[in-house]
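# Descriptive analysis of the structure
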Amino acid sequence: VSAFGQPAPSPSSFFGQPAPAALSAPKQVQGGKPDFAAGRARAKALYRPGATKYDDLLPENYIQLLPKAALDAFRADSDRFEWGDIPEWIPPKELR
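In this report, we go over the structure that sits alongside the text. (Residues numbered from 1 in each chain as written. Predicted model: local features only at pLDDT ≥ 70, side-chain atom pairs only at ≥ 80, totals over all residues. Heavy atoms only, no water.)

## A few points about the pattern of salt bridges
- With the rule as written, the count across this model stands at one salt bridge.
- A salt bridge links K68 to D72, with the shortest nitrogen-to-oxygen separation between them at 2.7 Å. In this pair, K68 and D72 both sit in helix α3 (residues 68-75), four residues apart, roughly one turn of the helix.
- Here K68 falls in the exposed class, since its relative accessible area comes to 64%.
- For D72, a relative accessible area of 36% puts it in the partly exposed group. (Salt bridge = Lys/Arg side-chain N within 4 Å of Asp/Glu carboxyl O. Helix = DSSP H or I, 4+ residues; strand = E, 2+ residues; numbered from the N terminus. Buried < 20%, exposed > 50% of the residue type's maximum accessible area, 1.4 Å probe, protein only.)

Next up, the structure:
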């Protein structure tokens, strides 16, 4: 019963359907260090040129417009960026 003497409404969704039962338990989080090499390999495998319209918005000479420090960071053979050294630029299509 509500504070105004009305019966409490039963939970329902926006569309008037009964609310679903409690959600399932969250997946177990794995501990340990992240696998940057696997993440980079997965990202490269999933990247498809032209799959997003935003890639086409980059100028044709975008790679020449990048500062040397950002370009060097994207070209590095490292599997990850260091904190404080993450470029604030979009990675050029040629280096994805």
